Amino acid sequence: MLEEITSNRELEKYAKTFQSGEYLFFEGDESQDLYVLISGHLEILKGTQKIGEIPEPGTVFGELSLLLGTKRTASIRAETEVKVLCLPRDQLATFFIKFPSLWRKISTYLAQRLDETSLA
């Protein structure tokens with residue numbers, strides 16, 4: 001999935017870069033965008049407490065508030081310079097029609113994550 005994202009010029013309009021220390025979003029935000037990490041390293045925070053990391057390029061995040069239509073459950077902060085693909089909720093249908101192979105990969109990834117958390 002990551003190779004398809006980084007090699008496709010049409011996806012550049014969805015790419016965003018954040019510097020170390022910048023927040024992508026805050027716990028409690030209304031934002032419901034879906035993100036894919038392209039490069040860099042992210043921290044997951046509840047309040048001021050670091051509860052996890054997102055170090056792997058290709059990782060999808062922000063899906064919980066997107067799928068449930070709820071506020072963000074945690075904050076995400078760039079630990080290093082970070083590049084992400086940011087897919088706004090209101091553009092997802094158009095995006096996935098235009099890039100159906102990415103939709104399949106993202107939906108498979110989300111299903112795998114759900115399966116992993118169901119077993120815990």
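The notes below deal with the structure included here. Predicted model, so just to flag it, every value in this text is computed and none were measured. Residue numbers run consecutively from 1 along every chain, following the written order of its sequence. Predicted model: local features are reported for residues with pLDDT of at least 70 only, side-chain atom pairs are reported and counted for 80 or more only, and whole-chain, interface and lining totals are derived from all residues. The side-chain numbers reported here are obtained from all heavy atoms of the structure, hydrogens and water having been left aside.

### Side note on the overall build of the protein
Strands here mean DSSP runs of E at least two residues long; helices mean DSSP runs of H or I at least four residues long; both are numbered from the N terminus. A count of helical and extended segments in the protein gives 4 helices and 8 strands. Listing the helices and strands of the protein from first to last along the sequence gives α-β-β-β-β-β-β-α-β-β-α-α. Just to be clear, the radius of gyration here is over C-alpha atoms, and the globule rule we use is 2.2 Å times residues to the power 0.38. At 14 Å, the protein has a C-alpha radius of gyration in line with the 14 Å of a compact globule built from 120 residues. Along the first, second and third principal axes, the C-alpha set of the protein runs to 40 × 35 × 25 Å. Relative accessibility decides the category of a residue: with a 1.4 Å probe and only protein chains considered, values under 20% of the type maximum give buried, values over 50% give exposed, and everything between is partly exposed. Per-residue burial for the protein yields a buried fraction of 38% across its 120 residues. Here, residues are in contact when the closest pair of their heavy atoms is within 4.5 Å. Once local pairs closer than 6 in sequence are excluded, the contacts in the protein between residues at least 24 apart make up 75%. In this description, accessible areas are obtained by the Shrake-Rupley approach with a 1.4 Å probe, and a residue is regarded as covered only by the protein chains that are shown. Carbon and sulfur atoms make up 52% of the accessible area of the protein, which amounts to about 7,000 Å² in all.

### As for the nonpolar core
Side-chain atoms within 4.5 Å are what join buried Ala, Val, Leu, Ile, Met, Phe, Trp, Tyr and Cys residues into a set we call a nonpolar core. L11, L85, L87, F95 and I106 are the most contacted members of the largest nonpolar core, which has 17 residues in total. Elements with a minimum of two residues in this core: β3 (34-39), β8 (82-87), α3 (92-98) and α4 (100-119).

### Considerations on the sheet that holds strand β6 (residues 60-61)
Strands were regarded as paired on the criterion that DSSP finds at least two bridges between them. Taken together, the 4 strands give an open sheet; going across it, the order is β1-β8-β3-β6, and neighbouring strands pair in antiparallel fashion. Among the strands making up the open sheet, the edge pair consists of β1 (15-18) and β6. In this structure, β1 lies alongside β8, joined through 4 bridges in antiparallel fashion. Residue pairing across strands places A15 opposite L85, the latter belonging to β8.

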